[in-house]
Amino acid sequence: MIDILLVDDETYVTESLELTIPWGEIGVTTVLRAASGKEALKIMEENAVDIVVTDIRMPGMTGLELISEVSQRWPHVRCILLTGHSDFDYAKKAIQLQAADYILKPVNDDEFMNSVSAAITSLRDEWDEFDKYHRLLYSRKSDYKILRENLMHDLLLGRVLTTKALREQFEQYELHMDPEQPAVMMLIRLAGRFASMDQQSLDLMDFAVGNIAEEVLGEAYNVWFGRGPHECLVMFLQNREPDELSRMEGSNLQAAAGTFREHVVRYLQGDLSMVVTPPFPFNELTNVYRKSLGSLILSGPEEHRIIYIDMEKALNKRAENDAAQALEELYKPPVLPQLLETKQWEAAADKLNAVFDAVEKVYLSREHAYEMYLSVTNAFMYIAHKQGHLVHEIDHAGFDLVLAHQLIQSPEKLRRWAMNMLEKLQEELSDQEGVQSRRHVIKQVQEMVTRDTGQDLSVKMIADKVYLHPVYLSKIYKAETGEGLGDYMIRMRMERALYLLKNTNKKIYEITSELGYQNPQYFSKMFKKHYGMTPNEFRDQT
C-alpha cells in the first residue's frame, strides 16, 4: 500500500495528475491533495503518507520549506519537487534536502510515472531491509537461547574448553560470565503445583522463574539461567564486582537463595527444591554439577527445601573410603566421554567393566551409586547429543530420574544397563553410511518446519536444535531429499499460504502475520515468485 500526497497552490495541477495518472499500475492505492504547505502538513499528521510531490513556489510555505519539515518529522517519506523554473539554486537546495527527484513543469506523464515508480521501489527496498533486520534480530535472540543452553549442556556433561575459548563463547553469546572468576551453582527442581503441569506450561514456568531470578538476583549477581540436561533448572551466579566475594558466601548467599525461593512461591504459587553450592572455579564445573545433582535427587521428590552443600568436602570425598577409591577409575584419563567421542567402543567397554569390577569388591552407598550413574549417563548424553540424537529415543528408561532409582539398587543392575546402553550407542553411531542417522535428522527437521510454519525459523536455528553445523545439515538434507532446506522451508510456507487463501476469508495481512512475515509486500513478492501470481490474483481466480 502506497499513499501519495500532491501539493500545489494551482489546484488544476494536482487535479490533473490525480485523474490522468494510472496510479494502480505503479502501486499507489491512495492519492491525497493539498493546496498549501500548511494544509499538506495537517494531512500528513492524520494519514500515513509515503510520497510527497510538491511544487516549489507556493505562497506562505515553499515546497523546499515543506520537504525540509517533512524530512525532520517523517524521515522515511520520499519527496519529489515540481517547478516551472530550471533554477540551479533550486536544484542544489533539493539535493541538499535529499529530495528523491526534481521534475520540470509542464509535467510529462511518463517522466512523472518513472519518478514515482523509482521512489516506490526505493521505499520497498527500505521496507525489505527493515523487515530483514527485524527478522535477523528475532532470529539472533532465538538463536542465543538455544546456543546458551547447548553450551550449558556441553559444560555440564563434561566438555572441556580452555579459558580463552570459554571466554570467547561467553562474549559471543552475550553471557556476562568470567571463566576465571568463581561461580555459584543452583540446581532447581520445580515442585508443588508445577508437578502436574504439561510441558507447554512448564516451559512458561521456566521462563517465569528465570525472570524472577534476573529481577531478584540481577542487581548483585550476573545470572546465567537455563534448563539442564537432567530435567532440572540450572543457575550460575557471579558477582558483578569481582572484589565483593562475600556476596557469594555464607549468610549473604543463603539470604539471596531464600529471597529467590520466596518470590517463586509467592508469585508462581508453586514450590521448589534447590541445591546451592559455595563458590567454585569453572574448571570444576562438571564435578560440582554431578555432586549437586546427586544431592538434589537424594533429597526426594517430596522434600521442598534449600540444601547448602559443602562442595570442598564433596569433591574430596573419593579418598575417604574404598568405594570412592574404586570410582577413581572413572576419572582416570582417557575418560569415558573421550573414548566415546573417538568411537573407541572396546576401550569404553573395558573401562566400564574395570569400574564395575572394582566396585563389586567394596560396599557401594546410594550416593556413590548415583555418582557412578550420573558420570556414565553424562558421558552417554554428551556423545549422543553431539552426534545429533535425542538420547531418550535410544533408551528412555535409563535417563528417567524416577526409573533411575531402580538401576542403582545394585552395581550389577547398573552394569547391565550401562553395557546395554553402550551397545545401542555403538549400533546407532557406528552406521558406516549414516543412513538411519540422517533419516532421523531429516524427520526431525521436517516435523520442526511443518509444526512451526508461523515462526521465522532459519537454517541455523534448526541446525542448532539438531546439534549439527548448518552447512552439514543443508548438505545431508539436499542429498537425502533432492531439495534445498531453505527451498523446503519456503515451499511449506507457500503451501500453507495457498491453503489459507483458498479455504479461509482471512485478509492478506492476517495471513502474512500468521506465516511469520512482517511485511505484506515481501510476502506477496515471495508468493508471486513461487506461483507466478500475487496472493490477490490467486484469490480472485478461486
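Predicted model only: the values in this text are computed from it and were never measured.

A. Here's a closer look at the overall build of the chain. Across its full length, the chain holds 24 helices and 10 strands. Expressed as a percentage of the 542 residues in the chain, the buried residues total 48%. Partitioning the contacts of the chain with sequence separation of at least 6, the portion at a separation of at least 24 is 69%. Summing over all exposed atoms, the chain offers an accessible surface of approximately 27600 Å²; the carbon and sulfur share of this is 49%.

B. Structural context of the packing of helix α14 (residues 366-386) against helix α17 (residues 411-429). Where α14 contacts α17, the axes come no closer than 11 Å and their chain directions differ by 5 degrees. In terms of axis orientation, α14 runs roughly parallel to α17. Contacts from Ala369, Met372, Tyr373, Val376, Thr377, Phe380, Ile383 and Ala384 in α14 reach Leu414, Trp417, Ala418, Met421, Leu422, Leu425 and Leu429 in α17. For the contact of α14 with α17, a count of residues per class yields 14 nonpolar, 1 polar and no charged.

C. Just the pattern of salt bridges, in detail. Overall, the coordinates contain 15 salt bridges when judged by the stated rule. A salt bridge links Glu45 to Arg73; the nearest nitrogen and oxygen atoms lie 2.7 Å apart. Of this pair, Glu45 sits in helix α2 (residues 37-46) while Arg73 is found in helix α3 (residues 63-73), placing the two residues 28 residues apart along the sequence. Taking the shortest distance from any N to any O, the salt bridge between Arg261 and Asp271 comes out at 2.9 Å. Residue Arg261 is found in helix α8 (residues 250-268), and its partner Asp271 is found in strand β9 (residues 271-276); the two are separated by 10 residues along the sequence. A relative accessible area of 18% places Asp271 in the buried class.

D. Here's a closer look at the packing of aromatic side chains. Per the stated rule, a full pass over the model turns up 11 aromatic pairs. Ring centres of Phe170 and Trp224 lie 5.6 Å apart, and the angle between their planes is 80 degrees; this geometry places the pair in the edge-to-face category. On the criterion of sequence distance, the pair formed by Phe170 in helix α6 (residues 163-172) and Trp224 in strand β7 (residues 221-227) is long-range, its members being 54 residues apart. Like Phe170, the residue Trp224 is buried in the burial classification.

Quick notes on the rules
- Residue positions within a chain follow its written sequence, with the count starting from 1.
- The model is predicted, so local features are restricted to residues of pLDDT at least 70 and side-chain atom pairs to those at 80 or more, both for listing and for counting; the totals for chains, interfaces and linings are taken over all residues.
- Processing note: side-chain calculations cover all non-hydrogen atoms of the structure and skip hydrogens and water entirely.
- Counting from the N terminus, the helices are the DSSP runs of H or I reaching at least four residues and the strands are the DSSP runs of E reaching at least two.
- We call a residue buried when its accessible area falls under 20% of the maximum for its residue type, exposed when it is over 50%, and partly exposed in between, using a 1.4 Å probe and counting protein chains only.
- Whether two residues touch is decided by their heavy atoms; if any such pair falls within 4.5 Å, the residues are in contact.
- Accessible surface is estimated by sampling points in the Shrake-Rupley manner with a 1.4 Å probe; for residues, cover comes only from the protein chains shown.
- Helix axes use the C-alpha atoms of the stretch in contact, all axes being lines fitted to C-alpha atoms, and the angles between their N-to-C directions lie in the range 0 to 180 degrees.
- Each angle gets one of four labels, with under 35 degrees taken as roughly parallel, over 145 as roughly antiparallel, 65 to 115 as roughly perpendicular, and the rest as oblique.
- Three categories are distinguished: nonpolar for Ala, Val, Leu, Ile, Met, Phe, Trp, Tyr, Cys and Pro, charged for Asp, Glu, Lys and Arg, and polar for the others, with Gly belonging to the last.
- When a carboxyl oxygen of Asp or Glu lies within 4 Å of a side-chain nitrogen of Lys or Arg, that pair is called a salt bridge.
- Pairing of aromatic side chains here covers Phe, Tyr and the six-membered ring of Trp, requires ring centres within 6.5 Å, and sorts the geometry by plane angle: under 30 degrees stacked, over 60 edge-to-face, intermediate tilted.

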